[in-house]
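Working through the structure, step by step
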Amino acid sequence: MGEVQEVVEMKKGGKNRIARCESKARLAILELAHMMSVPMSLMAVINLKVPEAIWQDGSNTPLSAAQILDIIRPSGGGDAENLQRLLRLLSSYDIFLEHLSSTAQRKYSLTDVGISLVDDDQGLSYAYYMLQHHQDALMRAWPLVGEAVEDSTTEPFVKANQESAIEYYTKRPEEMKLIHKCFSGISIPFMREMLQVYDGFQGVETVVDVGGNSGVSLRMIMDKYPNVRKGINYDLPQMLSHALHIPGVTHVGGNAFESVPPGDAIFIRWAILGWTDEETKLVFQNCYKALPEYGKLIVCDPVLPEQTDKSSSTKTLLSGDVFIMTMHTTKSKHRTEQQFKQLGISAGFPRLRVFYTDSYFTVLEFQK
Ligand SMILES: C[S@@+](CC[C@H](N)C(=O)[O-])C[C@H]1O[C@@H](n2cnc3c(N)ncnc32)[C@H](O)[C@@H]1O
């Protein structure tokens, strides 16, 4: 049998189909099957405070697993060989940089990705996003993801935990604290970068941040734009417990599905993904009512590409979409630019300008 004929037979499902499956395809499946080792190992090194042990206030000196163990367990104990196994795996995912000596001794420093896990001077880092995404309640919901297909009336999180995420976390202040740290840890670096390139807050006096949480985005907007003299941080009452004291900012508890306070510009960052199309339309209509003529609704949300390619940004956006389907309502979602445009039009916003300022979040400016 010729080679082409063999491939045709294989694709048709001949009896030796699996045996003849290309080695690249077999490897791809094994990589996916082992994928869980990656986030779990990353969680382990974060919990063991390995990034801080290597970072040491910026020295980032390469250390062996045994040296790291001496720092994280000063009273002794621990298994250096097993720690090294985690470090090797995570080096292959660009968290650590492996330094292999001629005597086969391995040492590890942090890459840029690894450095993003170390707390900054405000006590924030990307580690909290990682920790929050693997909290126990979420880990209980993951095995039920397929049920979002079979019965989309109840989200997997509720099936696993018998209550919605907001009800669950409101009762657990320690876990809620982690969520707030996760939000700020993600939002501050994004806002810093966005404010360098997006100037849509010029000439605006009052900004309402819908779903603003701690108010940290408003603080950064007002620091950069002194013309914004009044900020209203509008969030669900139970989410305002960690609101910051910021001169010029009033924290208002309320539900955007019911109403939105008036302002010259309304900002909604990283909240729409948690809403269904109907809920988003409702909030957009409330924003439309709350804005003056030519007022702006400025949205920052993940925006899906139309084409499904294999880039890491597409993979991250699509895996985030499945996360939201599992943990929020099954019909909350990441959207394409076209879907956002249609939602804007359905609520009365005729114009949309899109600014791709970051590889994950996009700025969408709807004008009344
Ligand atoms: C992922 S967090 C983002 C927080 C903040 N905007 C940021 O970028 O860090 C989403 C926020 O939207 C708020 N939110 C969700 N639904 C809301 C609603 N119906 N009305 C007001 N706020 C809401 C949540 O309480 C939460 O604080």
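Residues numbered from 1 in each chain as written. Predicted model: local features only at pLDDT ≥ 70, side-chain atom pairs only at ≥ 80, totals over all residues.

Describing the UniProt feature "domain: O-methyltransferase C-terminal" (unreviewed entry) in the protein
How we decide: UniProt positions are given in the numbering used here, feature names are shortened, and annotations may be inferred rather than shown by experiment. Labels follow the DSSP assignment, with helices taken as runs of H or I lasting at least four residues and strands as runs of E lasting at least two, numbered in each case from the N terminus.
Under the local residue numbering, the UniProt record ascribes the feature "domain: O-methyltransferase C-terminal" (unreviewed entry) to residues 145–349. Secondary structure content for residues 145–349 is 44% helix and 16% strand, and the end C-alpha separation is 35 Å.

What about the domain arrangement of the protein?
What counts, and what does not: Domain segmentation is taken from an automatic or database assignment of domains.
According to the domain assignment, the protein contains domain 1 (3–33), domain 2 (37–115) and domain 3 (127–367). One C-alpha centre belongs to domain 1, the other to domain 3, and the line joining them spans 43 Å.

Overview of helix 14 (residues 173–197)
Inclusion rule: By definition here, a helix of n residues has an expected span of 1.5 Å times n minus one. Labels follow a simple rule on C-beta atoms placed from the backbone: if 20 or more others lie within 10 Å of a residue's own, it is buried; if 12 or fewer, it is exposed; otherwise it is partly exposed. We call two residues in contact when their backbone-placed C-beta atoms lie within 7 Å.
With 25 residues, helix 14 ought to run about 36 Å at 1.5 Å a step, and its terminal C-alpha atoms sit 36 Å apart, in line with that. Listing the buried residues of helix 14 in full gives Lys-181, Cys-182, Phe-183, Ser-184, Gly-185, Ser-187, Met-191 and Met-194. Check the buried side of helix 14 and you find it contacts helix 9 (127–132), helix 15 (216–224), strand 6 (265–269) and strand 10 (361–367).

Looking at unusual backbone geometry
If you check the backbone angles, Ala-104 has positive phi at about 65 degrees while not being a glycine. When you line up the elements, Ala-104 lands in the loop between strand 1 (96–100) and strand 2 (106–110). In this structure, Gln-162 takes a positive phi of about 60 degrees despite not being glycine. Considering the arrangement of structural elements, one finds Gln-162 in the loop between helix 12 (156–161) and helix 13 (165–170). Using a count of 9 C-beta atoms within 10 Å as the deciding quantity, one classes Gln-162 as exposed.

Points about the UniProt feature "domain: O-methyltransferase dimerisation" (unreviewed entry) in the protein
Mapped onto this numbering, the UniProt entry gives "domain: O-methyltransferase dimerisation" (unreviewed entry) at residues 30–117. The distance from the first to the last C-alpha atom of residues 30–117 is 28 Å, and the span holds 52% helix and 11% strand.

As for the site of the ligand
Note the threshold: A residue counts as near a molecule or strand when its C-beta atom, positioned from the backbone, falls within 6 Å of it. Under the scheme applied, nonpolar residues are Ala, Val, Leu, Ile, Met, Phe, Trp, Tyr, Cys and Pro; charged residues are Asp, Glu, Lys and Arg; polar residues are all the others, including Gly.
In the vicinity of the ligand there are 17 residues, among which Ser-187, Gly-211, Met-239, Ala-256 and Ala-271 approach most closely. The class makeup of the residues in the shell around the ligand is eight nonpolar, seven polar and two charged.

A short note on the packing of helix 4 (residues 37–47) against helix 7 (residues 80–92)
Quick note on the threshold: Think of each axis as a best-fit line through the C-alpha atoms, taken over the contacting stretch in the case of a helix, with angles from 0 to 180 degrees between the N-to-C directions. Angles below 35 degrees are treated as roughly parallel, those above 145 as roughly antiparallel, those between 65 and 115 as roughly perpendicular, and all remaining angles as oblique. Throughout, a crossing is termed right-handed when the near helix is turned clockwise from the far one, and left-handed when it is turned anticlockwise from it by less than a right angle.
For the pair helix 4 and helix 7, the least separation of the axes is 10 Å and the interaxial angle reads 120 degrees. Considering the angle they form, helix 4 stands oblique to helix 7. Crossing of helix 4 over helix 7 shows left-handed handedness. Seen from helix 4, the contacting residues are Ser-37, Val-38, Ser-41, Leu-42, Ala-44 and Val-45; seen from helix 7, they are Leu-86, Leu-89 and Leu-90. Of the residues belonging to the contact of helix 4 with helix 7, the class tally is seven nonpolar, two polar and no charged.

Some remarks on the pairing of strand 7 (residues 296–304)
The following threshold applies: Should DSSP find at least two bridges between two strands, the strands are taken to pair. By convention a crossover is right-handed if, when the strands point away from the viewer, the path from the first strand over the helix to the second runs clockwise.
Counted residue by residue, strand 7 has nine buried out of nine residues, so it is predominantly covered. Where strand 6 meets strand 7, five bridges bridge the pair, whose relative direction is parallel. Considered in strand 7, the bridge of Ile-266 is made with Leu-297. Strand direction decides the pairing type here: strand 7 and strand 10, joined by seven bridges, are antiparallel. Looking across to strand 10, one finds that Cys-300 is bridged to Val-363. Read from strand 7 through helix 17 (residues 312–327) to strand 8 (residues 335–336), the crossover connection turns out right-handed.

Here we look at the packing of helix 16 (residues 277–290) against helix 18 (residues 337–346)
For the pair helix 16 and helix 18, the least separation of the axes is 9 Å and the interaxial angle reads 50 degrees. It follows from the interaxial angle that helix 16 and helix 18 lie oblique. The two elements helix 16 and helix 18 cross, and the hand of that crossing is right-handed. Across from Asp-277, Thr-280, Lys-281 and Phe-284 in helix 16, the residues of helix 18 making contact are Leu-343, Gly-344 and Ser-346. Among the residues forming the contact of helix 16 with helix 18, the class breakdown is two nonpolar, three polar and two charged.

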